[in-house]
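Residue-level structure breakdown
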Amino acid sequence: MKVIFISGGVISGIGKGISAGSIGLLLKKHSLKVSFLKCDPYINLDAGTMNPIVHGEVFVTDDGYEIDMDGGHYERFIGITLSKDNSITTGQVYSQVIKNERNLKYDGECVEVIPHIRDEIVRRIEDSYGNNDILIIEIGGTVGEYQNDIYYEAERFLKQKLLDDLIHIHVGYLPIPKSLGEMKTKPTQQSVMLLNQRGIFPDIIIGRSEFSIDLVRKKKISIATNVSDNNIFSNPDVDTIYKVPKLFYDQKFDKRILDLLKIKPSDIDFSDWEELIKNIDTKPKKNIVIGMVSKYHNSGKFSLEDSYVSVVEAIKSACWNKHIGFKIKWIDSESFTENDLSECNGIIVPGGFGKRGIEGKIKAIKYARENKVPYLGLCLGMQLAAIEFAQDVCKIKDANSEEIDELSKNKIIHIMPDQEKKLLDKNYGGSMRLGAWDCVIDKNTLAYRLYRKNKISERHRHRYEFNNEYRKLFESHGMIFSGKSTDGNLVEIMELKDHPFFIGVQFHPEFKSSPILPHPLFLEFISVIISSNGSI
Ligand code: GLN
């Protein structure tokens, strides 16, 4: 087994996940079986209970696990399907050790951070090797933070076993302060020193900065860190993260890693990614505006796209594929006006929870339905499309979702039977209907036209469902329930007759979209926008 650890220095958001994904892709192209492990230093058992504004999107795996958004990057870059074994949190490690202690697994020992917590981390790392050739392990946060120290300690310990089969890649920061106009290397020198204090001596440094690193600065870093300048690579700002693999490839970064790990390189075919980059770089003749009516993006003066990163990437991938320029317009569901919508060529209401912002989302859906603007509702976006339809078309004025109004007499969306008890018990964590479930699609529907098959599998994350008592009424008013769970009980896809594109899905197709294989739902959404706006 060969293991690559990746750490970051000085600032969060330095691009460890993108670097890990890009390295993974290059190694996969050398015919190696690559897997990932993300070590998150938080105490939460998983990412599912965290506010996306603070922590970014919660990514859902096929096997029903709620992991950090970096999981999405890994899947999108190398096209693998992750599972629960691809992520560790400190909470999981501690709860396992405490369980072991209660079960007398430690034979009367005093249970301590070292060795027991460290050894549990090492055990989990070893458990996740599977039948892969290379495991890329990303340590969350930045080096020097108190809470991730134990992961570095686990790495140091593992190195004693794996020796040259373990390498460490450090992503360092090289700012160019405006007042100085010079690329500064000290932040990287200092974060490497922090690694050294933990017994970690990096083999490779990736310099994150606005521009590529020149030889003068490479030498400075090399002298201070003992990392040869041949092992220092540049990761300058690029207009899309999907250019990073090629950027590494052009620097022969993959060859260097293979050298260090004593793996023979093979001829690699990079044509699919070169084609993707060509698509991204082709200047589109036309532009469209996609309105994202959401509530988890406002953060002071900034719009946080990370809360919806998979949706954003799915939109981008579909637009690149269709050679159309695009702008994503972030529309705050609590404060927008109709003017904000009138600029949009397509509208998306993504997933969400709770009462806040619901009214605005319903208003936006009504606008899309009445003005024949292509509409894509994702999970909550489907549920609210059902409520809007019930209120305005079926004339059920008090139609609502049980999540929003428990006492409503017309719960168009209601709690799933097996979820009721979980809520009563306040069993919120990891207890939704999660992961991949099959869905059967009826022929002669929009859903069938775009998926071109009658059985699909998509990932879910919800507690509420469409209330089947209203199916007939909806159908009599022109709603089509085109996708259902295999037992026929759960509405998975609903679409509107007599509308160019109005579809709501109970699942999250965005989790299965990638730049190389954009998701058919997003592709068709973009196609319809293009064809129904001849004048764009
Ligand atoms: N809040 C809704 C539910 O739990 C929708 C969830 C979502 O959009 N992911 O069913």
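Coordinates for the structure precede this section.
Before going into details, it helps to say that this report is about the structure given with it. (Residues numbered from 1 in each chain as written. Predicted model: local features only at pLDDT ≥ 70, side-chain atom pairs only at ≥ 80, totals over all residues. Heavy atoms only, no water.)

**With respect to the pattern of salt bridges**
For the coordinates displayed, the defined rule picks out 43 salt bridges. Between R118 and D119 there is a salt bridge; the shortest N-O distance is 3.1 Å. For R118, a relative accessible area of 9% puts it in the buried group. The partner of D425 in a salt bridge is K421, with the nearest N and O atoms 2.5 Å apart. Linked by salt bridges that have partners in common, K366, R369, E370, E388 and D392 make up one network. (Salt bridge = Lys/Arg side-chain N within 4 Å of Asp/Glu carboxyl O. Buried < 20%, exposed > 50% of the residue type's maximum accessible area, 1.4 Å probe, protein only.)

**A closer look at the sheet that holds strand 8 (residues 204-209)**
Pairing in this open sheet of 7 strands is parallel, and the strands run 5-2-6-1-7-8-9 from one edge to the other. If you trace the sheet from one side to the other, it starts and ends with strand 5 (87-89) and strand 9 (232-236), each paired once. For this sheet the average axis-to-axis angle between neighbouring strands, irrespective of direction, equals 20 degrees. In this structure, strand 7 (residues 166-173) lies alongside strand 8, joined through 5 bridges in parallel fashion. Considered in strand 8, the bridge of I169 is made with I204. The strands touched by helix 5 (residues 113-127) are strand 1 (2-8), strand 2 (34-40), strand 5 and strand 6 (134-139); relative to strand 5, the strand with the most contacts, the crossing angle is about 170 degrees. (Pairing = 2+ DSSP bridges. Helix = DSSP H or I, 4+ residues; strand = E, 2+ residues; numbered from the N terminus. Axes fitted to C-alpha atoms, helices over the stretch in contact; angles between N-to-C directions. Contact = heavy atoms within 4.5 Å.)

**Considerations on the site of the ligand**
The environment of the ligand is formed by G351, G352, F353, C379, L380, Q383, E403, R461, H462, R463, Y464 and H508. G352 is positioned with one of its backbone polar atoms (N or O) 2.9 Å from an oxygen atom of the ligand. Here H508 contributes a side-chain N or O atom positioned 3.1 Å from a nitrogen atom of the ligand. The protein chains hide 99% of the 300 Å² of surface that the ligand would expose on its own. Counting residues per element, the ones that place at least two in the shell around the ligand are helix 15 (380-392) and strand 19 (455-462). (Near = heavy atom within 4 Å. Polar contact = N/O pair within 3.5 Å; in protein donor to acceptor, adjacent residues only side chain to side chain. Areas by Shrake-Rupley, 256 points an atom, 1.4 Å probe, with all protein chains shown as cover.)

**Describing helix 3 (residues 70-78)**
Quick reminder: α-helices carry 3.6 residues per turn. Residues three or four places apart thus point the same way. Among the 9 residues of helix 3, 9 are classified as buried, and the element is accordingly described as predominantly covered. All of the buried residues along helix 3 are D70, G71, G72, H73, Y74, E75, R76, F77 and I78. Downstream of helix 3 by one or two residues, G79 has phi in the positive range, about 70 degrees.

**What about the packing of helix 5 against helix 6 (residues 149-162)?**
Contact pair helix 5 / helix 6: the axes reach a minimum separation of 9 Å and the direction vectors enclose 70 degrees. Relative to helix 6, the element helix 5 lies roughly perpendicular. The element helix 5 and its partner helix 6 pack so that their crossing is right-handed. Of helix 6, the residues touching helix 5 (which contributes V113, I114, I117, R118, D119, I121, V122, I125 and E126) are I150, Y151, E153, A154, F157, L158 and K161. (Parallel < 35°, antiparallel > 145°, perpendicular 65-115°, else oblique. Left-handed = near helix turned anticlockwise from the far one by under 90°.)

**Observations concerning the packing of aromatic side chains**
For the structure on display, the rule yields 16 aromatic pairs. Seen in terms of ring centroids, F233 and F253 are 4.2 Å apart; in terms of plane orientation they differ by 15 degrees. Their pairing is stacked. Note that F233 is positioned in strand 9 and F253 in helix 10 (residues 253-260), a separation of 20 residues in sequence. Between Y308 and W330, the aromatic rings sit 5.8 Å apart at their centres with planes inclined by 35 degrees, giving tilted as the arrangement. Taken together, the positions of Y308 in the loop between strand 12 (302-303) and helix 12 (309-321) and W330 in strand 13 (residues 325-332) put the pair 22 residues apart, joining distant regions of the chain. Y308 sits in the buried class, given a relative accessible area of 4%. A residue is classified by how much of its surface remains accessible, and W330, at 16% relative accessible area, is buried. Put simply, the rings of F77, Y242, W273 and W320 pair up and form one aromatic cluster. Over the aromatic face of F336 sits the side chain of K363, whose NZ or CZ is 5.4 Å from the ring centroid. (Phe/Tyr/Trp six-rings, centres within 6.5 Å; stacked < 30°, edge-to-face > 60°. Lys NZ or Arg CZ within 6 Å of the ring centre and 35° of its normal.)

**Quick look at the sheet that holds strand 19**
The strand order 13-10-14-15-23-22-21-18-19 describes an open sheet built from 9 strands, whose pairing is mixed. Edge positions in the open sheet fall to strand 13 and strand 19, since each of these has one partner strand only. With direction set aside, neighbouring strand axes in the sheet form an average angle of 25 degrees. By the bridge criterion, 3 bridges tie strand 14 (residues 346-349) to strand 15 (residues 375-378) in an arrangement that is parallel. Residue pairing in the sheet places I347 in a bridge with Y375 of strand 15. Against the sheet, helix 12 engages strand 10 (287-294), strand 13, strand 14 and strand 15, with an angle of about 155 degrees to strand 13.

**Some words on the pairing of strand 21 (residues 479-485)**
In terms of burial, strand 21 is largely enclosed, as 6 of its 7 residues are buried. Relative to strand 21, strand 18 (residues 433-441) runs antiparallel, the two sharing 3 bridges. Within strand 21, the position partnered with I441 by the bridge is G483. Pairing between strand 21 and strand 22 (residues 491-496): 5 bridges, direction antiparallel. By the bridge assignment for strand 22, G483 is matched with I493.

**Some thoughts on the side chain of E492**
Within the secondary structure, E492 is located in strand 22. We classify E492 as buried; its relative accessible area is 0%. Within the local environment of E492, its side chain forms a polar contact with the side chain of R433, the two groups lying 3.2 Å apart. Apart from the residues within four sequence positions on either side, E492 is in contact with M382, R433, D438, C439, H460, G483, K484, S485, G504, V505, Q506 and F507.

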